[in-house]
Amino acid sequence: MHRTRFFDHVILLIGVFIMVAPVVVAFMTSTHEAADIHRNGLSLTWGGHFAETYETVLTREGGFTGKVTGFNMMLNSMILGLGFAVGKIVLSMLAAYAIVYFRFPLASLFFWVIFTTLLLPLEVRILPSYEVMNALKLTNTYTGLIVPLLASATGTFYFRQFFKSVPDELLEAARIDGAGPFKFFIDVLVPLSRTMMAAIFIIMFVYGWNQYLWPTLMTTDEGFFTLVRGIKQILLVWVGSNIPDYNEAFALAILAMLPPVMIVVIFQRWFIKGLTESDK
Amino acid sequence: MAAIDIAGVSKIYTGGVEAVKSVSIDIADGEFIVLVGPSGCGKSTLLRMVAGLETISKGNVTIGTRLVNDVDPAERDIAMVFQNYALYPHMTVYENLAYGLRNRGTPKAEIDARVAEAARMLEIEPYLDRKPRALSGGQRQRVAMGRAIVRKPAAFLFDEPLSNLDAKLRVSMRGEIKRLQKRLGTTSLYVTHDQLEAMTLADRLVVLNGGRIEQIGRPLEVYHAPASTFVASFIGSPAMNLLKGVLEGGRLHLGTHAIDLDYPAPTRGPVTVGLRAEDLRPASAGEQALLFRVDYVEELGAQRLVHGAVEDQPLTVALPPETPLASELAIAIPMDRLHFFSAENGKRLQRRGETDRTAMAVPARPQAVNLESVS
Ligand SMILES: Nc1ncnc2c1ncn2[C@@H]1O[C@H](COP(=O)(O)OP(=O)(O)O)[C@@H](O)[C@H]1O
Ligand SMILES: [Mg+2]
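Fair warning: this is a prediction, and the values are worked out from it, not measured in the lab. (Residues numbered from 1 in each chain as written. Chains lettered and ligands numbered in written order. Predicted model: local features only at pLDDT ≥ 70, side-chain atom pairs only at ≥ 80, totals over all residues. Heavy atoms only, no water.)

Draft legend 1. The arrangement of the domain arrangement of chain B in detail. Once the domains are mapped, chain B shows domain 1 (4–224) and domain 2 (240–346). Summarising the inter-unit geometry, the C-alpha centres of domain 1 of chain B and domain 2 of chain B are found 40 Å apart. (Domains from an automatic or database assignment.)

Next up, the structure:
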């Protein structure tokens, strides 16, 4: 093992500073009053208005309809993030299971079809996708928000690689032990994939949470606004004739960062395990 | 428990590789059969066809009285032990043993009882709550055995179960497998490439070569009367010496040596002569002998292996450790221990009046072995 020296710590500290400083500045600034921010710019000191600002942001009803709260938007983001991550894992595990463990006609054709979806992220096919959702009357629904995002092969590939690394004898032992395809999947593959699932969950949750373009297109009803798109929306609406509510914008940005950070903190042990070590 | 009948079984893999070629083996109830052969000879393929993990291209496999060609592995009433153990990594030892029973809807109380019994037999009781990761290779091997035992199957199938263990553990596990098999009386089919493992475990062994059976027989039968040069060089360590010779007028010519046989020659013309290193000894004065040039010596402690050549044909001789060595030795010809093989196809040429030295060594029915003496 390399012994850490003073210089290594300096590099680490610089890294930490670069990563964390903007967040600290945003947080500190958000505790000041809008007028102060307007006068003094960004701030590194505690402003003392933490509770009011965050309460306002979370609970004040705003928007054109006067019904949308920050809390409401947060909930929508959560549904999108969770729905996307869970949907993605379920879908890609099943697809990978089929690809790796079953011989079916035209298997390699299907494999390549799935593969090509990697070349077609949502941004490329956004108009046709919107058309389809519109025709299905799924705009302004959670389904419409989540499902089109699911259609891409990234997760499938992670799981395919993982399943291929599982020794064949495990399947054979399970077959002799009387486990059919479904039982083998649930009893053996899913538990073995736990770390992999955690890793993919984090990646996908953050990806879903941070979606901006698709929710902007899909939702016109403010009741379905997500936090990320709401930051801008709320600013637009709340900007008064005098001073923009900078403090609330910062507070909202901090809130928008919080859940992904928490997910990473909670799952990071598994995340690292899933990406580095195979549990066999 | 059940007999297994393998009748004219072939395996042709997609792509046309014929890995097993019309193999027939009749396995008696309770018998321990070892499939032995070099790597790639189709042992695993044959075993996996019996297990149901590989489809049978031709022929029939019958377990008990049931034709199982189209029966699922789980329904064949067999249990298999794999080389890499194939334990479920996320389950505890207990769960590993119980999984197959649970899937069959065995009542909880009976599962507990059976797992406890198997664990006691294999001395893995202290590890029942551990994950396989936290076990040594030998312990994992025991768990894999346990998973087979709890099911109380009609037959055990082993695919090189000891290959991943170190030499010492391999010897002790070998003994243990034999002991367990005798105690349970379960028909067993065991695959290995290790001839020593095959010799020590088998009631009967089946020597495979290129997907075909070279010989089936009790270990000593195969050792003393190999059916072909392939078997001769594969079974026994060191490998049997095979020399080119010519039989003519009741004499065996090995290069410039001419040896008078005291029995009728099995054929005339060129032959392959087999000589086991351990059947050779220094000649006393006046005996018919081969002039043996010594190249180098391997000391094994109990004996020394002397490698050299008779004229231009390599020969290995096993001598007692105290034998004096010179650069040239006169080696006696053990007349009644000469093996003759056809020079064309390597098949054994039976001598007339050859005594069957295996008959006295092994009881006729393998099951008749006294269980107390082995367990
Ligand atoms: N799934 C397969 N597809 C094609 N050929 C195979 C397959 N499995 C094994 N073989 C071939 O069949 C032959 C016998 O293999 P195997 O039964 O595994 O040998 P062994 O166990 O005696 O080492 C080998 O030549 C091997 O390459
Ligand atoms: Mg093999």
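Back to the text.
Draft legend 2. Just the UniProt feature "transmembrane region" (unreviewed entry) in chain A, in detail. Residues and elements named next belong to chain A. As recorded in UniProt, the feature "transmembrane region" (unreviewed entry) lies at residues 7–28, 78–102, 109–130, 142–163, 184–209 and 249–272. Across residues 184–209, the secondary structure splits into 96% helix and 0% strand, with the terminal C-alpha atoms separated by 33 Å. This span, residues 249–272, is 100% helix and 0% strand, and a straight line between its end C-alpha atoms measures 33 Å. (UniProt positions renumbered as here; feature names shortened; annotations may be inferred. Helix = DSSP H or I, 4+ residues; strand = E, 2+ residues; numbered from the N terminus.)

Draft legend 3. Looking closely at the interface of chain A and chain B. Taken together, the 19 residues of chain A in the interface contact 23 residues of chain B. Around 1,800 Å² of area is buried between chain A and chain B when both sides are counted, 58% of it from carbon and sulfur atoms. By the criterion of area lost to chain B, the three top residues of chain A are R175, I176 and D177 of chain A, representing 39% of everything that side buries. Between E172 of chain A and R48 of chain B there is a salt bridge; the shortest N-O distance is 2.8 Å. For the pair chain A and chain B, the number of links is 12 residue pairs in polar contact (both at pLDDT 80 or more). Mapped onto the side of chain A that touches chain B, the elements with two or more residues apiece are α9 (168–176) and α10 (181–192) of chain A. If one sorts the elements of the side of chain A that touches chain B by residue count, α9 of chain A sits on top with seven residues. Its residues assigned to classes, the side of chain A that touches chain B comprises nine nonpolar, one polar and nine charged. (Contact = heavy atoms within 4.5 Å. Buried area = accessible area lost by both parts, 1.4 Å probe. Salt bridge = Lys/Arg side-chain N within 4 Å of Asp/Glu carboxyl O. Polar contact = N/O pair within 3.5 Å; in protein donor to acceptor, adjacent residues only side chain to side chain. Nonpolar A, V, L, I, M, F, W, Y, C, P; charged D, E, K, R; others polar.)

Draft legend 4. Seen up close, the site of ligand 1. Residues and elements named next belong to chain B. Taken together, the neighbourhood of ligand 1 is formed by Y13, A19, S39, G40, C41, G42, K43, S44 and T45. K43 places a polar main-chain atom, nitrogen or oxygen, 2.9 Å from an oxygen atom of ligand 1. Look at ligand 1: alone it shows 560 Å² of surface, and the protein chains cover 59% of it. Among the elements that take part in the shell around ligand 1, helix α1 (residues 43–51) stands out by supplying three residues, more than any other. Classifying every residue of the shell around ligand 1 by side-chain character gives three nonpolar, five polar and one charged. (Near = heavy atom within 4 Å. Areas by Shrake-Rupley, 256 points an atom, 1.4 Å probe, with all protein chains shown as cover.)

Draft legend 5. How the structure looks around the side chain of E172 of chain A. Mapping E172 of chain A onto the fold places it in helix α9. By relative accessible area, E172 of chain A is classed as buried at 10%. For E172 of chain A, the contacting residues outside a window of four places in its chain are R48, L53 and F82 of chain B. (Buried < 20%, exposed > 50% of the residue type's maximum accessible area, 1.4 Å probe, protein only.)

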